[in-house]
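Spelled out, the chains give:
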Amino acid sequence: GLYLLAPNGDQVATLSTNRSANGSYNWQIPTNVGTGNGFKVKVVAWASNVNPDPRAHDFTASFNISPQVPAAPELFGPANGSTGVALPPTFAWKPVSGAESYRIVISTVESELPTDPGYSGSPEPAHGFSESTTGTSHTLKRALAAGTTYYWKAHGGRPGIGGEWSEARSFT
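Conventions and cut-offs
- Residues numbered from 1 in each chain as written.
- Predicted model: local features only at pLDDT ≥ 70, side-chain atom pairs only at ≥ 80, totals over all residues.
- Heavy atoms only, no water.
- Helix = DSSP H or I, 4+ residues; strand = E, 2+ residues; numbered from the N terminus.
- Polar contact = N/O pair within 3.5 Å; in protein donor to acceptor, adjacent residues only side chain to side chain.
- Contact = heavy atoms within 4.5 Å.
- Pairing = 2+ DSSP bridges.
- Axes fitted to C-alpha atoms, helices over the stretch in contact; angles between N-to-C directions.
- Phe/Tyr/Trp six-rings, centres within 6.5 Å; stacked < 30°, edge-to-face > 60°.
- Buried < 20%, exposed > 50% of the residue type's maximum accessible area, 1.4 Å probe, protein only.

A.B. asks: Got a minute to help me understand the side chain of Arg169 in this structure?
C.D. replies: Of note, Arg169 is situated in strand 14 (residues 169-171). One polar contact links the side chain of Arg169 to the main-chain carbonyl oxygen of Leu75, over a distance of 3.1 Å. For Arg169, the residues in contact, after removing those within four places along its chain, are Leu75, Phe76, Gly77, Pro78, Ala79, Asn80, Tyr150, Tyr151 and Trp152.

A.B. asks: Sorry if this is basic, but what is going on with unusual backbone geometry here?
C.D. replies: What is expected of a backbone is that most residues other than glycine have negative phi and most peptide bonds are trans. Cis geometry marks the peptide bond from Gly77 to Pro78; its omega dihedral reads 0°. By the secondary structure assignment, Pro78 is in the loop between strand 7 (75-77) and strand 8 (90-93). For the peptide bond that leads from Ser122 to Pro123, omega is 0°, which places it in the cis range. For Pro123, the position within the fold is in the loop between strand 9 (101-107) and strand 10 (128-133).

A.B. asks: Could you clarify how one ought to interpret the sheet that holds strand 8 in this entry?
C.D. replies: One open sheet accounts for three strands, arranged 7-8-11; its pairing is antiparallel. Only two strands of the sheet have a single neighbouring strand rather than two, namely strand 7 and strand 11 (137-139). When the angles between neighbouring strand axes are averaged without regard to direction, this sheet yields 20°.

A.B. asks: When you look at the side chain of Ser107 in this model, what are you seeing that I'm missing?
C.D. replies: Within the secondary structure, Ser107 is located in strand 9. A polar contact is formed between the side chain of Ser107 and the backbone oxygen of His127, at a distance of 3.4 Å. Non-local contacts of Ser107, meaning those with residues more than four positions away in its chain, are made with Glu112, Leu113, Pro125, His127, Gly128, Tyr150 and Tyr151.

A.B. asks: What is the right way to look at the packing of aromatic side chains in this model?
C.D. replies: Both the distance between ring centres and the angle between the ring planes are used here to describe each pair of aromatic rings. For the structure on display, the rule yields five aromatic pairs. Ring plane angle 70° and centroid distance 5.7 Å describe the contact between Phe91 and Phe171, whose orientation is recorded as edge-to-face. Of this pair, Phe91 sits in strand 8 while Phe171 sits in strand 14, and the two are 80 residues apart along the sequence. An identical accessibility class is assigned to Phe91 and Phe171; each is buried. Three or more aromatic residues joined by ring pairs make a cluster, and in this case those are Phe91, Tyr150, Trp152 and Phe171.

Below is the structure:
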């Protein structure tokens, strides 16, 4: 058998396996298990013609379960490199699986845009700011200067888990 053990040693799931052609086994951890450190997989093996003795042939391996990070959103607008964008601009992107909210970061300096999925909007870029929304479009609440080139990125997330950032875009 193949069993998932919680950090306290309790069996939390019996894992079904799929054997691949090369002899390796794959399994999926149930989503209701949660996340954390110190989970273990216990493998108990025995010959099919012998009364199973789970103490005879067992192996335990430890691992951590990390939450899945939402993918980077596909940006719709403003279009990259666009000029004459009406102020305030409306930003739009494709929804991301697993995201409950989105954050956009705007700056006049592209290198100030975040890359860390855990970025929560603080500190704000020295030459910009961030805003969050629960939708897939957002009109800025802060004023921008006409004729200025701005760079922006977006990402989705949920409480305690930030997603991957989109590529940077610019508009004037």
